[in-house]
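Here is what each chain is made of, one letter per residue.
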Amino acid sequence: MIELTKKEEEIMTFFWEKGPLYVKDIQAFYDDPKPHVNTISTIVRILEDKGMVGHESISKTYRYYALVDKNEFSKNTLKGIVRKYFNNSSFVAISSLIQEEDISLDELRKLIDKVN
C-alpha cells in the first residue's frame, strides 16, 4: 500500500481531476498565499519516486501525469486500512462504520441489494 501525506494526496487530486499538469499549473490551483514552485516540484518528485506520477519532457520543462487511477488507489488504501486497523477483517471494519455513522436499517438493506 502506498501511503501519501496530506499534501501529496492533495496534489494527486489535481492530477486525477485535471489530467496532465505542469508544476506552475498546480501552483495556480492554490489560493494566496500560494506554495512556492520549488515546494510543489519537490512534492511532485516524491510522488514520482513513489510511482504515483510520471513525466514527459516538453521543451525545457516536464509535464506530469497520474500513473495510478484514483479508484484503484482508493481500493488499495481501503484494503490497507482494513488490514492495519481492523485485523484484516472487513466484517469488523463495516460493523465499526455502521455503528459510528449510525446507518439505518433501510440504508443497510439498500447496501445489501446493491452488492447482491
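The sections below set out a description of the structure shown in this document. Every value quoted in this text rests on a predicted model; they were computed, and no experiment measured them.

### Re a nonpolar patch on the surface
A cluster of nonpolar side chains, namely Leu78, Ile81 and Tyr85, defines an oily patch on the protein surface of about 320 Å² accessible area. Relative to the helices and strands, Tyr85 is located in helix H4 (residues 70-85). Take Tyr85: its relative accessible area is 55%, and that puts it in the exposed class.

### Here we look at the environment of His55
Mapped onto the fold, His55 is located in strand E1 (residues 53-58). Each C-alpha atom of the pair His55 and Ser95 lies 42 Å from the other, and the pair is 40 residues apart in sequence. Contact partners of His55, with chain neighbours within four places excluded, come to Glu48, Tyr62, Arg63, Tyr64 and Tyr65. Of the polar contacts made by the side chain of His55, one reaches the side chain of Glu48; its length is 2.3 Å.

### Notes on the packing of aromatic side chains
If you walk through the whole model with that rule in mind, you get four aromatic pairs. Taking 5.0 Å as the distance between ring centres and 40 degrees as the angle between the ring planes, the aromatic pair formed by Phe14 and Phe29 counts as tilted. Placement of the pair is Phe14 in helix H1 (residues 6-18) and Phe29 in the loop between helix H2 (23-28) and helix H3 (37-49), with a sequence separation of 15 residues. Overall, Phe29 belongs to the partly exposed group, its relative accessible area being 33%. Between the aromatic rings of Phe14 and Tyr30, the centroid separation amounts to 5.4 Å while the plane-to-plane angle is 85 degrees, which identifies the pairing as edge-to-face.

### Focus: the layout of surface pockets
Within this model, the largest pocket holds a volume of roughly 240 Å³. Every residue lining the largest pocket is listed: Lys75, Leu78, Lys79, Ile81, Val82, Phe86, Ser90, Ala93, Ile94 and Leu97. Contributing elements (two or more residues each) for the lining of the largest pocket: H4 and helix H5 (90-101). A breakdown of the residues in the lining of the largest pocket according to their chemical character gives seven nonpolar, one polar and two charged. The space that makes up the second largest pocket amounts to roughly 160 Å³. Lining of the second largest pocket is provided by Met1, Ile2, Glu3, Leu4, Glu9, Phe73, Thr77, Gly80, Ile81, Lys84 and Tyr85. Here the lining of the second largest pocket takes six residues from H4, the largest share from any one element.

What counts and what doesn't
- Sequence positions are assigned chain by chain, starting from 1 and proceeding in written order.
- Confidence filtering applies because this is a predicted model: local features only for residues at pLDDT of at least 70, side-chain atom pairs given and counted only at 80 or more, and all residues used for totals across whole chains, interfaces and linings.
- For the side-chain quantities, the full set of heavy atoms in the structure was used; hydrogens and water were omitted.
- Two joining distances apply to patches: 9 Å for like charges and 5 Å for nonpolar side chains (Val, Leu, Ile, Met, Phe, Trp, Tyr), and every residue must have over 30% relative accessible area and no salt bridge.
- Per-residue accessibility takes into account occlusion by the displayed protein chains alone, with areas from the Shrake-Rupley method and a 1.4 Å probe.
- Any Lys or Arg side-chain nitrogen found within 4 Å of a carboxyl oxygen on Asp or Glu counts as a salt bridge.
- Helical segments are the DSSP runs of H or I of at least four residues, strand segments are the runs of E of at least two, and each set is numbered from the N terminus.
- Type-normalised accessible area, obtained with a 1.4 Å probe on protein chains alone, sets the label of each residue: buried when under 20%, exposed when over 50%, and partly exposed for intermediate values.
- Residues count as neighbours in contact if any of their non-hydrogen atoms are within 4.5 Å of one another.
- Side-chain atoms alone can form a polar contact between residues adjacent in sequence; in general such a contact is a pair of N or O atoms within 3.5 Å, and within protein one must be able to donate a hydrogen while the other accepts it.
- Pairing of aromatic rings covers Phe, Tyr and the six-membered ring of Trp, with a centre-to-centre limit of 6.5 Å; geometry is then stacked below 30 degrees between planes, edge-to-face above 60, and tilted otherwise.
- Only protein atoms enter the 1 Å grid, on which a cavity is a set of points fitting a 1.4 Å probe that cannot get out and a pocket is an open set with protein on both sides within 12 Å along at least 5 of 7 lines, lining residues being those with an atom within 4 Å of a point.
- Grid points are joined across faces, edges and corners, and a volume is the space filled by probe spheres set on the points.
- Note that Gly is not counted as nonpolar here; it falls among the polar residues with everything else outside the nonpolar set of Ala, Val, Leu, Ile, Met, Phe, Trp, Tyr, Cys and Pro and the charged set of Asp, Glu, Lys and Arg.

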